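Secondary and tertiary structure notes
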Amino acid sequence: MRIIQISDLHIGGLFKQDSFDTLVDEVNNDLKPDVLIISGDLTDEGVYFQYEKAKKELSRFLSKNMIVFPGNHDYRHTGYLLFPQFFPDIGKSIDSKVHTYRHPENLNLKILITTVGTAVADRDEGEVGESQNLWLNRVLKEDNKVDDRSIPEGSSSKKNTVKIVAMHHHLIAIPDTGYTNIVGISDAGDVLRTCLANNVDLIICGHKHRPWLWDFGQMKIAYAGTACSWRYRGVFEDTYNIIDIEKDGVLKVDIKIVGGDRMPLSDVVSRYDPEVRVTRIADMMSPD
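Residue numbers restart at each chain and count upward from 1, following the sequence in its written direction. Only residues with pLDDT of at least 70 get local features here, since the model is predicted, and only at 80 or more are side-chain atom pairs given and counted; chain-wide, interface and lining totals rely on the full set of residues. Heavy atoms from the whole structure form the basis of all side-chain values; hydrogens and water molecules are not counted.

If you walk across this open sheet you meet the six strands as 3-2-1-10-11-12, and the pairing is mixed. The open sheet has two edge strands, strand 3 (66-69) and strand 12 (262-264), and neither has a second partner. Direction aside, the axes of adjacent strands within the sheet are offset by 20° on average. Pairing geometry for strand 1 (residues 2-6) and strand 2 (residues 35-39), over four bridges, is parallel. If you follow glutamine 5 over to strand 2, its bridge partner there is isoleucine 37. Relative to the sheet, helix 1 (residues 17-31) contacts strand 1, strand 10 (239-245), strand 11 (251-257) and strand 12, its axis offset from that of strand 1 by approximately 180°. Only when DSSP finds a minimum of two bridges between them are two strands counted as paired. Helix and strand definitions here come from DSSP, where helices need a minimum of 4 consecutive H or I residues and strands a minimum of 2 consecutive E residues; each element is numbered from the N-terminal end. Between the N-to-C directions of two axes lies an angle of 0 to 180 degrees, each axis being a line fitted to C-alpha atoms and, for a helix, fitted only over the stretch in contact. Working rule for contacts: check all heavy atoms of both residues, and any pair within 4.5 Å makes them a contact.

Spelled out as structure tokens, the structure:
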């Protein structure tokens, strides 16, 4: 099963139309994901004409399962009132959603994707809030117990649910992001506890514009770069993430350059040199 995460389009003055056109072609004709996630900051200023263009551009994707939720830029200039008008499936501005799928090659394996609203009107920092965090805990807890009867005969794994939590803001700071190391989720500790206590496999975030991966063994946190804007930070290329889930529940997260190659997202971390600070993913992919 394949999930693609695209983040931080920033449709407006810094939007790169040519990169987005290439992105649409890759997703529709080459990658063909089962689920497409747009993890916030569709617009740059949250104004009406940017929402109109965002709606038009996103309609070009052919994926039948598209998950869209807002970022802090979408909630600027009363954009929090416009988002549910243009993307009504999101519901109220702070609504969370649960999306459930079955692995096409193993129908006993459930893929649970839970979206958490972190954007707050006219604020750059994010917040989950106590009520939403309690809701997330209840949703995730329902799938904590493994029912051996749901496991196919001969399977070496007893995993029957892959849990993914998706949000716009970051939970943990990453390198080369300056002030945005501070501007994250105010109650990040509460959310981290909820995810770790309920065996979440993967958290995906945007907001940073800096591809990265924190690996906590049981749980990973994957950050997506900006897919098609000039708002680079740390990595100066348009990128997005590809999440492949094997039929035994194993997850693989790759980074993909728009119009270029792909590699494991973990390589961005393992090849990072704090003194050299390689800022082109293409350089990392080149032979030594």
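Having seen the model, we can carry on.
Looking along a regular strand, one sees the side chains alternate between the two faces of the sheet. Bridge analysis of strand 8 (residues 212-215) against strand 9 (residues 220-223) gives four bridges, and the strand direction is antiparallel. Note on strand 9: the bridge partner recorded for aspartate 215 is lysine 220.

Buried within helix 5 (residues 188-197) are the following residues: Ala188, Val191, Leu192, Thr194 and Cys195. Angularly, the buried residues of helix 5 cover 160° about the axis, an arc narrow enough to put them on a single face. Considering only its buried residues, helix 5 is in contact with helix 4 (130-141), strand 6 (161-166), strand 7 (202-205) and strand 9. Each residue's exposure class comes from its accessible area (1.4 Å probe, protein chains only) as a fraction of the maximum for that residue type: buried when under 20%, exposed when over 50%, partly exposed otherwise. Directions are taken from the helix axis to each C-beta atom, and the arc is the one they span.

Next up on the list: the pairing of strand 10. Among the seven residues of strand 10, seven are classified as buried, and the element is accordingly described as predominantly covered. Both strand 1 and strand 10 contribute to a ladder of four bridges, which runs antiparallel. In the strand pairing of strand 10, arginine 2 is matched with aspartate 244. In this sheet, strand 11 lies alongside strand 10 in antiparallel orientation, the contact comprising seven bridges. Within the sheet, the bridge partner assigned to tyrosine 240 lies in strand 11 and is lysine 256. Linking strand 10 to strand 11, which pair antiparallel, is a turn of five residues; within it glycine 249 sits at a positive phi near 95°.

So, about the packing of helix 4 against helix 5. Where helix 4 contacts helix 5, the two axes come as close as 9 Å, and the packing angle between them is 10°. Judged by the inter-axis angle, helix 4 sits roughly parallel to helix 5. Every residue of helix 5 that contacts helix 4 at Asn133, Leu136, Asn137 and Leu140 is listed here: Asp190, Val191, Arg193, Thr194 and Cys195. For the contact of helix 4 with helix 5, a count of residues per class yields four nonpolar, three polar and two charged. Angle categories: roughly parallel below 35 degrees, roughly antiparallel above 145, roughly perpendicular from 65 to 115, and oblique for all the rest. Under the scheme applied here, ten amino acids are nonpolar (Ala, Val, Leu, Ile, Met, Phe, Trp, Tyr, Cys and Pro), four are charged (Asp, Glu, Lys and Arg), and all others, including Gly, are polar.

Our next topic: the sheet that holds strand 7. Across the sheet, which stays open at both edges, the six strands sit in the order 4-5-6-7-9-8 with mixed pairing between neighbours. Edge positions in the sheet fall to strand 4 (97-103) and strand 8, since each has one partner strand and no second. Averaged over all neighbouring strand pairs, the angle between strand axes comes to 20°, with direction disregarded. Pairing of strand 6 with strand 7, which is carried by three bridges, proceeds in the parallel orientation. Across the sheet, residue isoleucine 164 finds its bridge partner in strand 7, namely leucine 202.

Another point: the confidence of the model for the chain. The predicted coordinates ought not to be read in detail in places where the model reports low pLDDT. The quantity known as pLDDT measures the predictor's confidence residue by residue, on a range of 0 to 100. Confidence along the chain averages 88 in pLDDT terms, with 88% of residues attaining 70 or more. A low-confidence stretch, residues 146-156 (pLDDT under 50), is modelled with twelve contacts involving residues beyond four sequence positions or located in other chains.

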